[in-house]
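Examining the three-dimensional arrangement
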Amino acid sequence: MTVIAIDGPAGAGKSTVAKLVAQQTGLPYLDTGAMYRCVALAVLNAGVKIDDEHAVGKIAQDVTIELIDDKAILNGVDVSSDIRNPEINSVVSVIAAHSTVRQAMRSQQQKWIHSMAGGVVEGRDIGTVVFPNAECKIFLTASPEVRAQRRVDQSGGDVQQVASSIAERDRIDSTRSDSPLKPSADAHIVDSSTMTTEQVVACIVNIFKTFGEDADG
Ligand code: DC
């Protein structure tokens, strides 16, 4: 089983990079953030309070989430663009902090990894908790200023507002008690602040190849 775990804070470029790493290595790709975003949308649609851990956890257990190519399908409906809207950005970290939600998502993610016999999996807790046996763990980061600017370049918005929204999500993601955002002790830290996408992808693919050589030799 070959797993490349790519964790890191919001706006570090994980999705862009992970998709390209998947293409170059021929491995399937899983965006675990999209799964938490689907749960957040289902919670808002149901009109449930985001801090009601029991009710939110029940929704997380009951939803059907399919991630096919770049599409996110929630209970049979294509929600690919809905899960990227600012309202979801503002609630997803609170919803993702509930243990009930994390347990439900973690078990789906582990099932996916086993059914695909590996993959490039990006998120916050892949190398630490979801798949701690991954042979290649990357913690992808960049300075807060660079991350905010990249998000603005990608989706527009005011850079100060985007920066504070990212900072708030990182705060919630890294201080929750269940599987907080943090680098695994054996992760390679890649700071992409001054790197192009191509350089980051090449760097990760090189790290991955080194693992292959180590294993062979
Ligand atoms: O990567 P993203 O921005 O799409 O993730 C959305 C939110 O989901 C993020 O704020 C934290 C949460 N998340 C998580 O807690 N664990 C993961 N493995 C992936 C995402």
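Below: a short report on this structure. (Residues numbered from 1 in each chain as written. Predicted model: local features only at pLDDT ≥ 70, side-chain atom pairs only at ≥ 80, totals over all residues. Heavy atoms only, no water.)

Quick look at the sheet that holds strand β8 (residues 188-191)
Across a sheet, paired strands are connected by hydrogen bonds in the backbone, their directions being either parallel or antiparallel. Read from one edge to the other, the open sheet built from 5 strands follows the order β2-β6-β1-β7-β8, with strand pairing classed as parallel. Each of the sheet's edge strands pairs with one partner strand only, and the pair in question is β2 (29-31) and β8. With direction set aside, neighbouring strand axes in the sheet form an average angle of 20°. Sheet strands in contact with helix α1 (residues 14-25) are β1 (2-7), β2, β6 (118-123) and β7 (136-141), and its direction is about 170° off that of β6. Across the face of the sheet, helix α2 (residues 32-46) comes into contact with β2 and β6 while running at roughly 40° to β2. (Pairing = 2+ DSSP bridges. Helix = DSSP H or I, 4+ residues; strand = E, 2+ residues; numbered from the N terminus. Axes fitted to C-alpha atoms, helices over the stretch in contact; angles between N-to-C directions. Contact = heavy atoms within 4.5 Å.)

Regarding the sheet that holds strand β3 (residues 65-68)
A sheet is described by the order of its strands in space; here 3 strands give the open sequence β3-β4-β5, paired in antiparallel fashion. For this open sheet the edge positions go to β3 and β5 (77-78), each flanked by a neighbour on one side alone. Pairing between strand β4 (residues 71-74) and β5: 2 bridges, direction antiparallel. The residue bridging L74 from the neighbouring strand is V77, located in β5. Docked against the sheet, α2 engages β3 and β4, running at close to 135° with respect to β3.

A closer look at the site of the ligand
In the neighbourhood of the ligand, 15 residues make up the surrounding shell, with R37, S93, R102, R169 and R176 lying closest. Contact between the ligand and S93: an oxygen atom at 2.8 Å from a side-chain N or O atom of the residue. Between R124 and the ligand, the recorded distance is 2.9 Å, taken from a side-chain N or O atom to an oxygen atom. Its free accessible area being 450 Å², the ligand has 98% of it covered by the protein chains. Considering each element in turn, the shell around the ligand owes the most residues, 4 residues, to α2. Residue composition of the shell around the ligand, by class: 3 nonpolar, 4 polar and 8 charged. (Near = heavy atom within 4 Å. Polar contact = N/O pair within 3.5 Å; in protein donor to acceptor, adjacent residues only side chain to side chain. Areas by Shrake-Rupley, 256 points an atom, 1.4 Å probe, with all protein chains shown as cover. Nonpolar A, V, L, I, M, F, W, Y, C, P; charged D, E, K, R; others polar.)

Observations regarding helix α8 (residues 159-175)
Compared with an ideal rise of 1.5 Å per residue, which puts 17 residues at 24 Å, α8 spans 24 Å between its outermost C-alpha atoms and is within 8% of the ideal. On the buried face of α8, the contacting elements are α2, α4 (86-96) and α7 (144-155). (Expected span 1.5 Å × (residues − 1).)

Section: the packing of helix α3 (residues 53-62) against helix α5 (residues 99-116)
Where α3 contacts α5, the axes come no closer than 8 Å and their chain directions differ by 15°. By the angle class used here, α3 and α5 are roughly parallel. In the packing of α3 onto α5, the handedness of the crossing is right-handed. Here α3 contributes E53, V56, G57, A60 and Q61 to the contact with α5, which in turn contributes S99, T100, V101, A104 and M105. Per-class residue counts for the contact of α3 with α5 are 5 nonpolar, 4 polar and 1 charged. (Parallel < 35°, antiparallel > 145°, perpendicular 65-115°, else oblique. Left-handed = near helix turned anticlockwise from the far one by under 90°.)

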